[in-house]
Every structure is written in structure tokens, then in C-alpha cells.
Amino acid sequence: MKISYNWLKDYLKIDIEADKVAQVLTDIGLEVESYQSFQNIKGGLEGLIVGYVEEKWKHPDADRLNLTKVNLGNGEPVQIVCGAPNVAAGQKVVVATSGTTIYPLEGEPFTIGKRKVRGQESNGMICAEDEIGLGTDHDGIIVLPEDVEVGKPVKEIFEIYDDTVFEIGLTPNRSDATCHIGVAKDLLAALKHNKMVEDLSVQMPDFSEFLVDNQNSPIEIEIEDASACPRYAGVSISGIEIKESPDWMKNKLEAIGVRPINNIVDITNFVLHEMGQPLHAFDLDEIKGGKVIVKKLESGTKFTTLDEIERELSDKDLMICNTEAPMCIAGVFGGIQSGVKDTTQNIFLESACFEAIGLRKTSQYHNLRTDAAMRFEKGVDPNGCVDALKRAALLIKELAGGKISSNIVDFYPEKVEKQEVKVRYSQVNRLAGVEISKEAVDAILENLEMQWTKKSPSETIVKVPTNKVDVLREIDVIEEILRIYGFNNIPIPTTVVGALSYEGDSDKGFKVKNIVADFLSDRGYNEMMNNSITQSAYNEKVFPEENTVKILNSLTSELDTMRKNMLFSGLESIAYNQNRKNNNLKLYEFGTVYELGKDTDFLENERLAIFVTGTKTEENWQAAVAKSNFYDLKEIVNNLIKRIGIEDIKATELESNAHSFGMTYKSKGQTIADFGLLDSKLVKGFDIDGEVYNAIFNWNTIERILKNKRTTFVPLPKYPSIKRDVALMLDKKVAFGEIEAIARKIGKKLLTEMNLFDVYMDDDKLGKDKKSYAVSFTFLDDSKTLTKKEVDKVMSKMIYQFEQNLGAVQK
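Reading the values: the criteria
- Residues numbered from 1 in each chain as written.
- Predicted model: local features only at pLDDT ≥ 70, side-chain atom pairs only at ≥ 80, totals over all residues.
- Heavy atoms only, no water.
- Pairing = 2+ DSSP bridges.
- Helix = DSSP H or I, 4+ residues; strand = E, 2+ residues; numbered from the N terminus.
- Axes fitted to C-alpha atoms, helices over the stretch in contact; angles between N-to-C directions.
- Buried < 20%, exposed > 50% of the residue type's maximum accessible area, 1.4 Å probe, protein only.
- Contact = heavy atoms within 4.5 Å.
- Disulfide = S-S within 2.5 Å.
- Salt bridge = Lys/Arg side-chain N within 4 Å of Asp/Glu carboxyl O.
- 1 Å grid on protein atoms, 1.4 Å probe; cavity = no way out; pocket = protein on both sides within 12 Å on 5 of 7 lines; lining within 4 Å.
- Points joined across faces, edges and corners; volume = space filled by probe spheres on them.
- Nonpolar A, V, L, I, M, F, W, Y, C, P; charged D, E, K, R; others polar.
- Patch = residues over 30% accessible without salt bridge, like charges linked within 9 Å, V, L, I, M, F, W, Y side chains within 5 Å.
- Areas by Shrake-Rupley, 256 points an atom, 1.4 Å probe, with all protein chains shown as cover.
- Lys, Arg positive; Asp, Glu negative; His and termini not counted.
- Charge placed at Lys NZ, Arg CZ, Asp CG, Glu CD.
- Phe/Tyr/Trp six-rings, centres within 6.5 Å; stacked < 30°, edge-to-face > 60°.
- Parallel < 35°, antiparallel > 145°, perpendicular 65-115°, else oblique.
- Core = buried A, V, L, I, M, F, W, Y, C linked by side-chain atoms within 4.5 Å.

> Looking at this model, I keep getting lost on the sheet that holds strand β2 (residues 32-39). Mind explaining?
The strands that make up a sheet pair up through hydrogen bonds in the backbone, lying either parallel or antiparallel. With antiparallel pairing, the 3 strands of this open sheet are ordered in space as β1-β13-β2. On the outer flanks of this sheet lie β1 (2-4) and β2, each paired with one strand and no other. Strand-to-strand twist across the sheet, computed as the mean angle between neighbouring axes with direction ignored, equals 25 degrees. As paired strands, β1 and strand β13 (residues 162-168) are joined by 3 bridges and run antiparallel to one another. By the bridge assignment for β13, Lys2 is matched with Glu167.

This is the structure in C-alpha cells:
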């Protein structure tokens with residue numbers, strides 16, 4: 001939010017350096033992020049002087065150029081080449097001498113230098129209005145009055161408006177400081193407390209001259225939803241003239257970044273930034289039926305706003321309507337039909353208070369972030385509506401003429417009263433950690449316009465102004481006191497008192513994440529963090545779009561949805577690294593994915609994503625370079641699952657549009673991980689070279705499984721194990737998980753470990769549809785030493801079942 005220092009001083013008659021004011025504002029919670037000087041004419045016309053054209057003659061080599069001899073009042077006349085058609089001898093003109101920087105109305109500033117134009121020397125420039133930011137005219141140079149002194153600085157002829165503008169990072173709870181008067185009141189409280197000023201008060205606008213001139217244009221109002229519109233006031237003004245605003249108003253608005261439009265619109269913006277109350281002016285002749293109705297319309301209703309965009313309304317949008325059609329999205333944006341136009345002669349001026357939450361949803365739904373909407377979202381003081389209306393009406397009479405042609409209509413069924421809050425002096429000191437005198441507390445409360453209603457030696461009861469919508473409890477009032485007292489005046493404690501909390505599920509989950517992160521990092525994996533917002537175009541490639549969480553007010557199509565998987569952000573990271581010649585990557589990320597649910601509005605689930613691409617090791621003279629493959633990924637997945645203690649894993653073939661092949665691991669019927677080789681077309685779509693292997697862990701499922709798991713300890717085996725290796729020729733469609741399922745069913749507790757240690761495929765030797773698996777089986781009996789005969793018996797049963805169920809052939 002921008003605050004003009006000149007404008008601020010209209011209400012607070014102070015003469016304090018801008019940097020000191022910035023420091024005070026920051027200390028009381030109105031953080032000044034930056035401040036800078038403002039001039040209504042950029043550059044302030046510095047370096048421009050009045051010149052006298054003594055002679056003019058045609059340029060010998062250019063038909064449209066003239067040569068002039070200009071007296072600058074400081075010595076010999078200089079020659080300047082000029083292309084303006086109206087330049088003539090005997091004129092007083094604006095001259096930019098060599099070395100002067102000029103600021104044109106459009107384009108970048110540039111410095112004038114000595115140069116030759118078509119072979120003729122030019123020592124400066126005779127300026128037109130738009131070339132120095134004075135106006136828009138470029139038909140010819142500026143011709144000054146004859147009585148202007150030659151050599152005089154031009155900035156002394158034209159009035160330059162100088163100001164300092166504070167950029168304040170306003171927090172959401174400061175509804176009372178959304179305007180210049182609000183900031184002035186807060187600043188005054190701090191200045192008084194710090195004894196920087198004494199007998200001073202905020203000079204409020206005077207509304208005493210407000211009078212109704214006639215009753216020629218009465219307007220009836222009807223509010224259908226009082227909860228969405230707790231107050232609505234308005235007044236009719238007739239016989240106005242739409243024209244340009246005076247310079248004093250335009251300068252104030254331009255200083256804070258508001259573009260002047262016309263006197264009526266500028267007045268509504270002026271009062272908004274002066275008093276914090278949004279206003280809206282309707283063309284009175286467009287209010288059909290002479291009635292304003294505040295209501296909600298059916299979803300899908302079409303409405304064209306002032307920016308000439310046709311919008312589709314939601315049934316939650318509060319609308320200002322006449323008897324025939326909607327006129328305005330309440331508190332957000334006006335309609336093109338009912339807005340003030342150059343031909344408007346009569347207006348209805350609205351000042352209202354709308355419910356903050358509903359208005360914010362409307363503003364976000366239509367992606368309309370206006371100054372008015374921002375103030376309604378923070379909370380507007382309903383008790384200030386009529387004062388702002390009177391202020392604007394008087395300004396309109398002053399700057400646009402016209403008559404006030406109706407009484408103020410005011411719907412305000414339940415007046416908002418000042419909240420009474422009890423403040424204990426002991427509680428102030430306890431929370432502050434420093435002794436603040438009762439007198440100091442009372443003075444600060446008085447300066448914040450919190451008048452006491454009851455007081456005792458131990459406490460005081462104060463009434464909180466209704467513009468402080470977030471100050472409702474004792475702790476809120478104490479925060480207000482400490483803001484003005486100054487947090488910088490509270491000493492930093494030398495000892496910290498804390499409490500140890502009971503370890504809950506979130507603490508355990510954090511520990512497991514740390515274990516996994518350490519496990520992966522120790523094996524050369526790098527952790528990454530990606531944006532949870534991504535582009536919907538990614539999902540269209542692989543995943544169905546119906547459950548996608550879309551962002552209503554997205555600023556770009558590249559960031560318009562919440563990610564529903566961890567895949568694409570990881571591929572973006574790989575592409576980013578490869579573009580910077582970092583090709584051998586092992587990455588992991590903990591993150592959240594988002595979907596629309598059936599029973600709830602949104603579903604958020606945690607995932608762990610792992611990506612592997614490139615070679616296993618860097619190139620060196622001792623070993624050949626080997627590319628990363630599926631089994632490298634499988635090994636890290638298996639070891640990770642083993643490390644966190646998940647058992648009874650069932651493996652099946654992965655079914656995924658994003659992967660060429662892979663495996664799914666389940667435990668207790670729940671999927672805990674999908675991993676495999678990503679589809680080459682998908683990978684190439686990100687301009688990634690080489691194969692990419694990916695694993696996605698369902699972290700919520702893992703946490704549920706581990707929640708009740710207890711670590712157990714067993715002694716080392718007393719008896720030796722026996723290992724058997726078997727080579728099996730199988731159909732390519734047979735997965736290792738099928739072999740494992742049969743083996744564990746037969747081997748039961750005796751089979752403690754099995755491993756696929758080789759895969760061989762050769763279309764010429766084995767056939768196109770065949771492959772060879774080399775599998776090892778480890779057997780162990782905790783109660784005795786196994787014999788060769790016992791193991792051979794189990795192996796025979798396994799091989800028989802492999803042959804019968806899987807069509808395997810032992811090699």
C-alpha cells in the first residue's frame with residue numbers, strides 16, 4: 001500500500017524528515033518496505049532553461065530541419081538544429097542543453113549531447129511538451145510568454161509537485177490503516193508516546209456543510225441478504241459536469257499510483273484512499289425502476305464489467321441490481337452499462353459495507369483484485385459509510401457542480417457497537433516482559449482512541465473503535481499497546497523458558513522422513529524441492545483431468561493447477577540440470593499432491609519421489625562407465641523398504657500410462673510404491689536425453705503401516721543356512737513377483753531370502769517371447785540344522801509348481 005507524505009500532512013501538521021517517519025511507521029507495525037521521491041513531472045525539469053531564438057534559417061541538407069541561433073543568457077548564442085514546424089525567430093523557448101537528461105512522456109530518459117545532424121552542429125535541443133513530460137502535444141515546440149527571463153531555470157516557471165511516497169507492507173489484520181487518515185492516527189499515537197510532538201490532533205474532513213438541495217431524484221433500496229450487506233447507504237446528485245480533475249487531486253492520486261480518469265471517478269478513489277471507505281458512482285439514468293436491489297443471481301448469469309469482459313456469475317456473487325438487470329459486482333467491480341460516462345449528468349453515489357469472506361471469494365473467482373475489494377476483505381468500518389458519502393458528495397459539488405437531489409438512504413438494521421474489552425495492567429506487563437506504568441498504558445489507549453468506560457487500580461475497560469475489526473480480546477488490545485510502546489523498547493530475555501512436548505504421530509513421521517533422507521543422501525542422492533503449483537497441460541499427457549485442483553486466479557497458464565503427482569516436477573528438475581551439463585542424477589523429494597475428492601472438497605497426500613538417470617559413476621580410468629538401470633532403482637527401493645522395517649511385500653507388474661515397465665509393491669493389501677522405467681515419449685517431451693527411472697512411494701500409507709509397528713530384536717542364527725541357485729526359462733510376461741509368491745507359499749518360514757541376480761534375453765537363442773531368470777534361495781531353520789535332503793525336497797516342490805503354473809523350464 002502506498003502512502004503519500006504530502007497527503008498525510010494534510011491531516012497531521014508535522015515537519016519531520018521522511019526517513020524518521022518511515023522508521024516510526026515500521027516500529028509500530030506499518031512496515032515501510034521502501035520510500036522514494038515522486039514528482040508530477042519526471043526529472044523535475046532539471047537542466048532545462050529558457051532560451052531566446054535570435055535567428056532561424058533552413059538546414060542546407062534537410063528540407064524539414066531548421067538551424068537556429070539561441071541565446072541562453074550566459075554567453076555566446078549556440079546553434080541548435082530543430083525540426084519543429086512552429087519554431088521562429090523572436091520566440092522564448094525551453095532548451096535542454098548538452099549534458100541534460102530529459103524524461104519524455106513515453107520511452108526511456110536520455111541525455112542530450114553535442115552532435116552533428118546532417119553535417120550541422122547541434123548544441124542542445126529545443127523541446128516540445130511530450131519530450132519533457134509536460135503534456136502530450138508533439139505538434140511543435142513549447143513557446144513561452146514574452147516576459148519570461150532568458151536563462152531562467154524552467155522548473156521555476158512550471159509548478160513541480162514534489163512528494164515522498166511510503167510503500168507499506170500492510171498485514172491482513174490492519175483494517176484501520178488502509179487509508180491516509182488511518183495511518184495518520186496511528187503515527188500520531190506513536191509520535192505522542194515518543195514525545196516527538198505534543199499538542200497535536202488529526203485534522204478530519206469537515207462534513208458540516210452537507211445539505212440536501214432538493215428531492216428530485218429519490219432512489220429506493222432493497223437488501224435481500226443483510227448478512228452479506230450489513231449496511232448500504234446512498235445519495236443522488238444531479239446536474240454534474242464530467243471533466244478533468246484539478247491538479248491537486250491528480251497529483252495526490254498519481255503519487256500513490258492511481259491513474260486519474262475524470263472528476264467523479266477520481267473523487268471516489270480519493271475518498272477511498274483518504275478514509276478507507278470504498279465508494280461507487282452509478283449513472284442515475286441507468287438505474288431502471290428507480291430502485292437499487294442488493295441480491296445474488298443464478299449461476300451462469302452473464303455480466304459485462306467495466307473492462308468490457310463478459311463474465312459468468314456464481315450464485316455466491318453479491319450483485320447490485322436495478323429492477324431489470326445487474327449493475328455491479330458488489331464491492332469488487334462495476335458494470336459497463338451503469339458506470340459513469342462522459343455524457344453522465346446525474347449519479348447515484350453508493351457507500352456500503354459488505355461481508356469480507358464472501359467478497360473475497362467473489363474477487364478470487366473472477367480474478368479481480370481491486371483496491372476496493374482489498375479493503376472489504378480486510379474489513380470496512382460500517383460506521384464510516386455515511387461520513388465518507390458526505391465527504392464525496394461535497395467534493396462532487398465543489399469539482400463537478402450539481403445538486404444533492406435526495407436524502408441519504410441508509411439500510412443499517414443492526415448497528416455495530418464498539419467492543420468493550422477489559423485490560424489488566426498485570427497482564428500487559430506479564431506479556432511485555434517489562435514494567436510499563438499504568439499512566440503510560442492509559443495514555444497509549446487514549447491516543448489510539450480507545451476510551452475507557454470503567455477503571456480500577458488493577459484494570460481498565462475500554463471501547464475499541466469499530467474500524468479495528470480484528471481487535472476483539474484483551475490480548476489484541478495488549479498487542480496494540482505494545483505496538484505503540486515499541487517492541488524495540490522491550491529487552492531481549494537472557495533466559496528462555498520452554499516445555500518438552502509429548503512425542504506424537506507427527507514427530508514420529510518426521511523421524512522416519514529423516515531416516516529415509518539420510519539413507520538416500522548417504523547413497524549419493526540429492527534432495528530437491530519443487531513447486532506444488534504446475535501446469536494443467538502436463539496432466540493431459542498422462543493422467544485424467546477430472547480430479548485436478550485448478551487455481552481460479554492463476555497468473556499464468558504454466559502455473560494453473562495443483563500437482564496431482566510428483567512426476568512432472570521431477571522431470572522439470574532433470575531437464576534443468578541437463579541443460580546445465582549435469583547429466584548423471586540421483587534425486588529425491590518429499591512433497592504433497594492434491595486431488596478433488598468425493599466426500600471432501602480436497603485431498604492432500606504425501607509422496608516420496610525418486611529419480612535416477614545417467615551413469616552410475618563418473619568416468620574414470622579404473623572402471624568402465626555403466627548406465628543406471630531398472631535394477632539399480634529396484635535395489636534402492638528394496639533397501640529403503642527394508643530400512644524402515646516394512647515386511648511382507650507383494651510384488652506385481654506396474655500398470656501405469658507413464659511407465660514403459662515396472663513393479664508395484666504392496667503391503668497388507670495397500671500400495672506402498674510404484675517404480676519403473678518412464679515412457680520414452682514422456683521423457684523426450686521434456687527434452688531429456690537418456691532413460692529416466694522413477695519410484696513413487698505413498699508416504700501416507702507407509703506412515704499408517706509404521707504407526708503401530710514396534711522394533712523387535714532377535715538373536716543371531718544358531719544354525720547355518722543353505723543356499724540354492726536355479727535358472728528358469730520363462731515367458732517374458734511372467735513377473736518375478738509370481739515366482740516369489742509361489743516360492744514363499746511352499747518354503748514358508750524356511751525360505752528366509754530370495755534374490756533375482758541375473759536376467760538374460762536373446763531372441764535368437766531363447767526365442768522372442770522367452771527370458772531366463774537366475775534366482776537364489778536361502779533356507780534357514782531356527783531350531784535345527786537343515787539337511788541337504790530337506791532343502792532338495794522343498795526345491796523340488798517349488799520347481800514343479802513353477803513348471804505347472806508359470807510354464808517354466810529349469811535350465
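Once you've had a look at it, read on.
> Sorry, what's going on with the pairing of strand β16 (residues 279-283) here?
If a strand is regular, its side chains alternate between the two faces of the sheet. Burial of β16 is extensive: 5 of the 5 residues sit out of reach of the surface. Because side chains alternate across β16, one face comprises the buried residues Leu279, Ala281 and Asp283, and the other comprises His280 and Phe282, equally buried. Here β16 pairs with strand β23 (residues 347-353) via 5 bridges, running antiparallel. Among the inter-strand pairings, Asp283 is bridged to a residue of β23, identified as Ile347.

> Would you mind showing me how to read the sheet that holds strand β41 (residues 809-810) here?
In spatial order, the strands read β39-β40-β38-β41; together these 4 strands make up an open sheet with antiparallel pairing. Of all strands in the sheet, those with a lone pairing partner are β39 (751-760) and β41, marking the two edges. Here 2 bridges tie strand β38 (residues 722-731) to β41, and the two strands are oriented antiparallel to one another. Residue pairing for β41: Leu728 is matched across the bridge by Gln810. Contacts from helix α18 (residues 736-747) reach β38, β39 and β40 (770-779), with the element oriented near 150 degrees to β39.

> Can you walk me through the state of the cysteines in this structure?
Two cysteines whose sulfur atoms are joined by a covalent bond form what is called a disulfide. Overall, the coordinates contain 0 disulfides when judged by the stated rule. In this structure Cys353 is not part of a disulfide, and its nearest cysteine sulfur, from Cys385, lies 5.6 Å away. Here Cys353 falls in the buried class, since its relative accessible area comes to 7%.

> Got a minute to help me understand the pattern of salt bridges in this structure?
Between side chains of opposite charge, a pair can form as their charged atoms come close. This structure, assessed with the given rule, holds 37 salt bridges. Across the salt bridge formed by Asp792 and Lys788, the nearest N and O atoms sit 3.3 Å from each other. Within this pair, Asp792 and its partner Lys788 are both found in helix α19 (residues 788-806), separated by 4 residues, close to a single helical turn. With a relative accessible area of 26%, Asp792 lands in the partly exposed category.

> Would you mind showing me how to read the layout of surface pockets here?
Considered as a void within the structure, the largest pocket measures approximately 2,000 Å³ in volume. Elements supplying a minimum of two residues to the lining of the largest pocket: α12 (505-522), α15 (630-644), β34 (649-653), β35 (659-667), α17 (699-707), α18 and β39. If you tally residues by element for the lining of the largest pocket, the top one is α15, at 9 residues. Of the residues in the lining of the largest pocket, the class split is 16 nonpolar, 9 polar and 19 charged. If you add up the space inside the second largest pocket, you get close to 810 Å³. In terms of lining, the second largest pocket is formed by 31 residues, of which the most central are Val265, Asn269, His280, Leu306 and Phe333. Of all the elements in the fold, those that place two or more residues in the lining of the second largest pocket are α5 (263-275), β16, β21 (326-329), β22 (333-334) and α7 (371-378). For the lining of the second largest pocket, the element with the most residues is α5, which contributes 5 residues.

> Any chance you could explain the side chain of Lys468 here in plain terms?
In this structure, Lys468 sits in the loop between β28 (459-464) and α11 (474-485). Judged by its relative accessible area of 7%, Lys468 is buried. Discounting residues that sit within four places of it in the chain, Lys468 has contacts with Ser175, Asp176, Asp186, Leu448, Met450, Glu480 and Arg483.

> I'm lost on the pairing of β23 in this one. Help?
Within β23, 7 of the 7 residues are buried, leaving the element largely enclosed by the surrounding structure. Taking every second residue as pointing to the same face, both faces of β23 are buried, with Ile347, Leu349, Ser351 and Cys353 on one and Phe348, Glu350 and Ala352 on the other. Sheet topology places strand β15 (residues 231-238) next to β23; 7 bridges connect them, and they run antiparallel. Across the sheet, residue Val235 finds its bridge partner in β23, namely Leu349.

> So what exactly am I meant to see when it comes to a positive patch on the surface here?
On the surface, a cluster of positive charge is made up of Lys748, Lys789, Lys793 and Lys797. By secondary structure assignment, the location of Lys748 is in the loop between α18 and β39. For Lys748, a relative accessible area of 63% puts it in the exposed group.

> Would you mind showing me how to read empty space enclosed by the protein here?
Picture a little ball the size of a water molecule; that probe, rolled over the atoms, points out where space is still empty. In total, this model carries 5 cavities of 30 Å³ or more according to the counting rule given. What the largest cavity holds in volume is close to 110 Å³. Taken together, Asp176, Gly182, Lys185, Asp186, Asn447, Leu448, Glu449, Pro465, Asn467 and Lys468 make up the full set of residues lining the largest cavity. Among the elements that make up the lining of the largest cavity, the one with the highest residue count is helix α3 (residues 180-193) (3 residues). When grouped by side-chain class, the residues that make up the lining of the largest cavity number 2 nonpolar, 3 polar and 5 charged. Taken as a whole, the second largest cavity spans an internal volume of roughly 60 Å³. What lines the second largest cavity is Asn173, Arg174, Asp470, Val471, Asp476, Glu479, Glu480 and Arg483.

> Where do I start with the environment of Ala18 in this structure?
Along the chain, Ala18 falls in helix α2 (residues 18-27). The spatial distance from the C-alpha of Ala18 to the C-alpha of Thr164 is 7.2 Å, given a sequence separation of 146 residues. Discounting chain neighbours no more than four positions away, the residues touching Ala18 are Tyr5, Tyr35, Thr164 and Phe166.

> I would appreciate a short explanation of the packing of aromatic side chains in the present structure.
Two descriptors summarise a pair of aromatic rings, namely the distance from one centre to the other and the angle between the planes of the rings. Taken as a whole, this structure holds 15 aromatic pairs when the rule is applied. Relative to Phe270, the ring of Trp7 lies with its centre 4.8 Å away and its plane at 15 degrees, an arrangement referred to as stacked. With Trp7 in helix α1 (residues 5-8) and Phe270 in helix α5, this pair connects stretches of sequence that are 263 residues apart. Owing to a relative accessible area of 0%, Trp7 belongs among the buried residues under this scheme.

> Sorry, what's going on with the packing of α3 against α11 here?
Two quantities define a packed helix pair, namely the angle between the axes and the distance from one axis to the other. Running from N to C, α3 and α11 point in directions that differ by 60 degrees, and their axes come no closer than 9 Å. Our classification of the angle between α3 and α11 gives oblique. Only Arg483, Ile484 and Tyr485 of α11 make contact with α3, whose side of the interface consists of Asp186, Ala189, Ala190 and His193. Residue composition of the contact of α3 with α11, by class: 4 nonpolar, 1 polar and 2 charged.

> Mind showing me how you'd approach the nonpolar core here?
General note: in soluble globular proteins, nonpolar side chains tend to be found buried as a group. Counting residues in each nonpolar core, the largest one holds 86 residues, and the members touching the most others are Leu25 and Phe166. Of the residues forming this core, the biggest block, 10 residues, is contributed by helix α8 (residues 385-400). Phe166 has contacts with Met1, Lys2, Ile3, Tyr5, Ala18, Val21, Ala22, Leu25, Val32, Ser34 and Tyr35, leaving out every residue within four places of it along the chain. By size, the runner-up hydrophobic cluster in this structure holds 33 residues, among which are Phe590, Val637, Ile641 and Phe697.

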